[in-house]
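Fold and contact review
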Amino acid sequence: MKLTKEEVKYLLSPEFVSVRGELEVSFYLEGDDQYSECWMGKMMDRGKTDQEIFWYGLVEDGTQSYNFSTSEELLQAKVFYGKDLLEVLEQIDWYSLDACDFEEMWNYYQGNID
């Protein structure tokens, strides 16, 4: 599934509520062997329950794992060959949201399930 810049920002916003109160998204960059299995999400900071942590896990071996204090920091991080997520957005295929099919869960969270 493809997302617009606005949808990605909404996905990371406080207005987007997942069932668990946390968010985990799986995606890959089309035609790219290095970024063929990436994760992104947000969760509550266990040390500061009123703050969220935004994170990337970009490769399976954990060598490209990053934590951020805000969604803006995550979106502006130049972690994809010197580019940020929004700069490579057209290459991204979003396929899992909270361990389920992305499109199905996206519609569920939006209240768009028939």
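Description of the structure in this document. Worth saying up front: this structure is predicted, and the values here are computed from it rather than measured.

**Describing the environment of Asp-61**
Turning to its location among the elements, Asp-61 is positioned in the loop between strand E3 (52-57) and strand E4 (65-68). Its relative accessible area of 57% is what places Asp-61 among the exposed residues. A distance of 2.7 Å separates a polar atom in the side chain of Asp-61 from a polar atom in the side chain of Thr-63.

**Brief notes about the side chain of Ser-96**
With respect to the helices and strands, the residue Ser-96 is situated in strand E5 (residues 92-97). Take Ser-96: its relative accessible area is 12%, and that puts it in the buried class. A distance of 3.4 Å separates the side chain of Ser-96 from the backbone oxygen of Cys-100, its partner in a polar contact. When residues no more than four places from it in sequence are discounted, the contact partners of Ser-96 are Glu-24, Val-25, Ser-26 and Phe-102.

**Description of the environment of Lys-5**
On the secondary structure map, Lys-5 appears in helix H1 (residues 5-11). Along the sequence, Lys-5 and Glu-90 sit 85 residues apart, while their C-alpha atoms lie 9.7 Å from each other. Other than its neighbours up to four places away in sequence, Lys-5 contacts Leu-86 and Leu-89.

**Details of the pattern of salt bridges**
A full pass over the atoms with the stated rule returns three salt bridges. The partner of Lys-2 in a salt bridge is Glu-30, and the shortest N-O contact between them spans 3.1 Å. Within this pair, whereas Lys-2 is found in the segment before H1, its partner Glu-30 is found in the loop between strand E1 (23-29) and strand E2 (38-44), the two being separated by 28 residues in sequence. For the salt bridge of Lys-78 with Asp-84, the shortest nitrogen-to-oxygen distance reads 3.9 Å. Judged by relative accessible area, Asp-84 falls into the buried class, the value being 11%. Here the salt bridges do not stand alone but share partners, grouping Lys-78, Asp-84 and Glu-87 into one network.

Conventions we followed
Residues numbered from 1 in each chain as written. Predicted model: local features only at pLDDT ≥ 70, side-chain atom pairs only at ≥ 80, totals over all residues. Heavy atoms only, no water. Helix = DSSP H or I, 4+ residues; strand = E, 2+ residues; numbered from the N terminus. Buried < 20%, exposed > 50% of the residue type's maximum accessible area, 1.4 Å probe, protein only. Polar contact = N/O pair within 3.5 Å; in protein donor to acceptor, adjacent residues only side chain to side chain. Contact = heavy atoms within 4.5 Å. Salt bridge = Lys/Arg side-chain N within 4 Å of Asp/Glu carboxyl O.

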